[in-house]
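Chain and residue survey
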2 protein chains.
Amino acid sequence: MGEFELIRNYFAAAPCAQAGEGVALGIGDDCALLAVPAGEQLAISTDTLVAGVHFADPCDPFLLGQRSLAVAVSDLAAMGATPLAFTLALTLPMDSADWLQAFARGLNAMAQSCGVRLVGGDTTRGPLSLTMTVLGRVPTGLALTRSGAQPGDLLCVGGELGNAAGALPLVLGQRTAEPAIAEPLLAHYWSPQPQLALGQALRGKATSALDISDGLLADCGHIATASAVGLLIESEKLPLSKALRAFLGQNAARVAALSGGDDYVLAFTLPPAELPQLLADGWPVHVVGRVVAGQGVTLLAADGQDITPATRGYQHFRETP
Amino acid sequence: MGEFELIRNYFAAAPCAQAGEGVALGIGDDCALLAVPAGEQLAISTDTLVAGVHFADPCDPFLLGQRSLAVAVSDLAAMGATPLAFTLALTLPMDSADWLQAFARGLNAMAQSCGVRLVGGDTTRGPLSLTMTVLGRVPTGLALTRSGAQPGDLLCVGGELGNAAGALPLVLGQRTAEPAIAEPLLAHYWSPQPQLALGQALRGKATSALDISDGLLADCGHIATASAVGLLIESEKLPLSKALRAFLGQNAARVAALSGGDDYVLAFTLPPAELPQLLADGWPVHVVGRVVAGQGVTLLAADGQDITPATRGYQHFRETP
């Protein structure tokens, strides 16, 4: 048995790889088999993370396993889908049992937290990178796409923004901070929590949705384009964590919230009539702007002045080799 | 718009990425949405190919696009599934429009030949590698797994074996051959044809199946293990191409057929009563052995002597960094 066959067997034995609901056949055959209930569609998304591009190299393998799955599953949350399964293609430069065990522990923790099962993949030798394909199910016609925003809708986000961007100097070792500041920021970076329950609660209510991976401004641009509408963002309304404001100051915290990446918080548009019940039910919905006729994203100051930066978002860490 | 967003848009515009049967939502949102008809299951498989490990580097990007998709789709053939969609995670060291165009042309050609649509993926900068996840559909309960072989079944393959292994010295530039020999071998290596129609024809007939990627001996070992049976292979019955015999000689051709990789021909077990109709219908079914009570794979000479090599298969090109 080859080295990489051993690794495959190692993953096949992981708790998250055991058969369960929706998985008719798991790891070990040419394909896995998934059951998709009648009246539901399959949602699918693929993400690649490359060492030194999307995450620091070296980094803690437990945290990497946790974060990489969370990032992938967040795309299911953005569609309002219920997670079903994932595949993992892992390219490794070395065969380190310690590294693999820690990585698999992190992967398992996030898989169990998200209710998603490992059903296949591939393990190869090469420079460290991971590709995850996640699969979920969503009632036919109820998936949250980017294309249904209507003028008059509210623009909302599902939580505080900018924490992961704020954490980046800590992750890269460029800055330090006291634990009360560093810990919540790093927690958001290393173990973002895909907003699966919120996404499912928004089915039939939100008119568009996505998860913020490239910063609010850049990602709202995707909704504006796909829905052929304009979006106004009120900069004073951005939810910013206490830790982020303490670490960066109010202005830089706002820039991180607008243009930083890796938040994996949902952004969505909502007819105003839907808001009261969602708030009454306790969902974390923050109104940050509104949808208007027109195009593009406009950033407004408290006095209504247009303060849209010339460049919306930037080529963040993930695209800076 | 970043360099890699441009590349994503480039793939989104490819013919194979346009919406079609079974694809409710294609590239461009957080997830794609697939329709799986009632009474069918979803089959899913992931393969990674790394430059310099799984294919020569540099190599012709058109041929790489063609071959990498064929290798992935072959897993659907082995389950008896009908191809539906695939995702592509492409990691590229450079942004070369010429390279991408040629790669996409090869990918498109194979996608159209296999009836499979590109529904998503990711493009990142880094050392060249590809991960493809293929999805197909198969009537519930009719997927061909590795675990149903019964003593008394015939062991069959769907075509000539060893051609891709024979082509390897040509691919690597270690040997040359006249076109009448080189062309059919290289064609098999660079554009293997996934045996989709054969796989579908075997639904409800074959008791087990897989596609041969690691050589007949090694892959039959998977059937023997999963089915808890023994397999006897009669070495004289292996179908060998004229080109392979001319290039390697009879003995080395047989070794290539037994232990070479990358054939992507189906191997399957079949109750004897099923054979006549499959042959009458013109399916390429070659009986190479039989299933017996016991375990493991045994290789028999023409006189019935056990000539099983000590090592079944080898760490072939794909696992030799």
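Nothing here was measured: the structure is a model prediction, and the numbers come from that model. (Residues numbered from 1 in each chain as written. Chains lettered and ligands numbered in written order. Predicted model: local features only at pLDDT ≥ 70, side-chain atom pairs only at ≥ 80, totals over all residues.)

All names here are of chain A. With mixed pairing, the six strands of this open sheet are ordered in space as E8-E10-E7-E11-E9-E12. Edge positions in the sheet fall to strand E8 (208-211) and strand E12 (296-300), since each of these pairs with one other strand and no more. Between one strand axis and the next, the sheet turns through 25° on average, direction left out of account. For strand E9 (residues 230-234) and strand E11 (residues 286-292), the ladder comprises four bridges, and the chain directions are antiparallel. Along E11, the bridge assignment pairs Gly 230 with Val 292. The strands touched by helix H2 (residues 61-79) are E8 and strand E10 (266-270); relative to E8, the strand with the most contacts, the crossing angle is about 170°. The strands touched by helix H7 (residues 216-227) within the sheet are E8, E9, E10 and E12, with E12 carrying the most contacts at an inclination of about 135°. (Pairing = 2+ DSSP bridges. Helix = DSSP H or I, 4+ residues; strand = E, 2+ residues; numbered from the N terminus. Axes fitted to C-alpha atoms, helices over the stretch in contact; angles between N-to-C directions. Contact = placed C-beta atoms within 7 Å.)

Residues and elements named next belong to chain A. Segmenting chain A into domains produces domain 1 (3-139) and domain 2 (154-310). At the junction of the two partners, domain 1 supplies 17 residues and domain 2 supplies 18 residues. Secondary-structure elements contributing two or more residues to the side of domain 1 that touches domain 2 are H2 and strand E4 (82-92). Of the residues contributing to the side of domain 1 that touches domain 2, the split by class is eleven nonpolar, four polar and two charged. (Domains from an automatic or database assignment. Nonpolar A, V, L, I, M, F, W, Y, C, P; charged D, E, K, R; others polar.)

Spatial strand order, E5(A)-E4(A)-E6(A)-E3(A)-E2(B)-E1(B): six strands in an open sheet with mixed pairing. Every interior strand has two partners, whereas the edge strands, strand E5 (117-125) of chain A together with strand E1 (23-25) of chain B, have only one. The average undirected angle you get between the axes of adjacent strands in this sheet is 25°. Strand direction decides the pairing type here: E1(B) and strand E2 (residues 32-34) of chain B, joined by two bridges, are antiparallel. When the bridges of E2(B) are listed, B:Leu25 appears paired with B:Leu33. Where H2(A) meets the sheet, it contacts strand E3 (40-50), E4 and strand E6 (129-139) of chain A, and its direction lies at approximately 25° from that of E6(A).

This part covers the relation of the copies chain A and chain B. With an RMSD of 0.0 Å, the fit of chain A onto chain B corresponds to turning through 180° and sliding 0.0 Å along the axis. Expressed as an axis order, the relation between the two copies is that of a two-fold axis. Closest approach to the rotation axis among the C-alpha atoms of chain A is made by A:Ala38, whose C-alpha sits 2.7 Å away. Here 98% of the interface residues in chain A have copies in chain B that are interface residues too; the copies meet face to matching face. (Least-squares fit on C-alpha atoms with pLDDT ≥ 70 in both.)

Within the sequence span of helix H9 (residues 250-259) of chain B, burial applies to B:Ala253, B:Arg254, B:Ala256, B:Ala257, B:Leu258 and B:Ser259. Looking at the buried side of H9(B), the elements it contacts are helix H4 (163-171), helix H7 (216-227) and helix H8 (242-248) of chain B. (Buried ≥ 20, exposed ≤ 12 C-beta atoms within 10 Å, placed from the backbone.)

Right, let's talk about the interface of chain A and chain B for a bit. Facing 51 residues of chain A, the contacting portion of chain B comprises 50 residues. For the side of chain A that touches chain B, the secondary structure elements donating two or more residues are strand E1 (23-25), strand E2 (32-34), E3, H2, E4, E5, E6 and E8 of chain A. A breakdown of the residues in the side of chain A that touches chain B according to their chemical character gives 26 nonpolar, 16 polar and nine charged. Note: E2(A) against strand E3 (residues 40-50) of chain B, three bridges, orientation antiparallel. Bridge pairing links A:Ala32 to B:Ile44 in E3(B).

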